[in-house]
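# Working through the structure, step by step
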Amino acid sequence: MPALNVLTRRTVPFLPNLRNGNPMFFSENGIAGHRGWPTRFPDNTAAGIRAALDAVGSIETDVRRSADGMLVLFHDPVIAGRVVCETTWNALAEVDVGGGHRPLSLRTLLTEVAGSHPLNLEVKNSPSEPGFEADHRIALDTAQMARPDDLLSSFHWPSMDAVRASHPEVATGLLLDESVSMSDALDHAVGLGHVAVIPNWRLLMQDLEAVALARSRGIRVVSWTVNDPSVARALFEAGVAVIITDDPGGMRTALTEDEDE
């Protein structure tokens, strides 16, 4: 397969593929908001997530556990000087994360915010951060709450392996940065039954043929965090299923304009 260049406007539809109005993590040319819509709202807040869902239909968010066992949406292990895993949910819920916005629990996200929209739930369970759960309980508890169209993911692959073993009905994906090879990720995904690999876009742009290899092995590719429309076009042309972006509405507008020209 020859190396792929940035695609031309006539060869690939740039509009996200929709099912019942929602781009699915396993369709084609999908866009997901990164922690909601962070160019407009604080991360992982109801307003940002709702806005992103209205714009593109899906988001990626981060799951941690509070001191009293609540699954909560925070990217970082520390928020406003408070260690998430050492702070109760009642205390965390009062934190102003910017502009008067408050944090969300996973339960509230699923019951009051997300509706039927599909979500990518990234389980934060790093051995190098506070709150690491060696028994992968945070991943298993998140899996119990996941809905059929949701995708669970983590940089800590053993946590996703644990989900596969105990909740085979839940779709799981492996996150990887530039320190991990696509080859290793694909071998692991195929061997353990994960449905997706989720590499940083820079890793993919170094070898776009890896996307076709993943698809040939039955693995979908989702890429983070893609903020350049020209990169998004190249990734979609290569076969990436979904891009995660900080500006979901802006990205959709840019790709829609390409389609209209």
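What counts and how
Residues numbered from 1 in each chain as written. Predicted model: local features only at pLDDT ≥ 70, side-chain atom pairs only at ≥ 80, totals over all residues. Heavy atoms only, no water. Helix = DSSP H or I, 4+ residues; strand = E, 2+ residues; numbered from the N terminus. Buried < 20%, exposed > 50% of the residue type's maximum accessible area, 1.4 Å probe, protein only. Contact = heavy atoms within 4.5 Å. Salt bridge = Lys/Arg side-chain N within 4 Å of Asp/Glu carboxyl O. Pairing = 2+ DSSP bridges. Right-handed = clockwise from strand over helix to strand, strands pointing away.

A word on the environment of Leu106. When you line up the elements, Leu106 lands in helix H3 (residues 106-113). On the basis of relative accessibility, which here comes to 0%, the residue Leu106 falls in the buried class. Residues Leu106 and Arg64, 42 residues apart in the sequence, show an inter-C-alpha distance of 9.1 Å. When sequence neighbours within four positions are dropped, the list of residues in contact with Leu106 reads Val63, Leu71, Val72, Leu73, Leu121, Thr142 and Met145.

Let us now look at the pattern of salt bridges. Within this structure, the stated rule accounts for nine salt bridges. With a shortest N-O distance of 2.7 Å, Arg65 and Glu133 are connected by a salt bridge. In this pair, Arg65 sits in strand E2 (residues 59-65) while Glu133 sits in the loop between strand E6 (119-123) and helix H4 (137-145), placing the two residues 68 residues apart along the sequence. Per residue, the accessibility class of Arg65 equals that of Glu133, and both read buried. The closest approach of N and O atoms between Asp141 and Arg65, which form a salt bridge, is 2.9 Å.

Alternating residues of strand E7 (residues 151-154) divide into Leu151 and Ser153 and Leu152 and Ser154, and every residue in both groups is buried. With three bridges joining them, E6 and E7 adopt parallel strand pairing. The partner of Asn120 across the bridge, within E7, is Leu151. Regarding topology, H4 serves as the crossover connection from E6 to the parallel E7, and that connection is right-handed. Bridge count between E7 and strand E8 (residues 171-176): four bridges; the pairing is parallel. When the bridges of E8 are listed, Leu151 appears paired with Ala171. Viewed along the sheet, the connection from E7 through helix H5 (residues 157-166) into E8 turns out right-handed.

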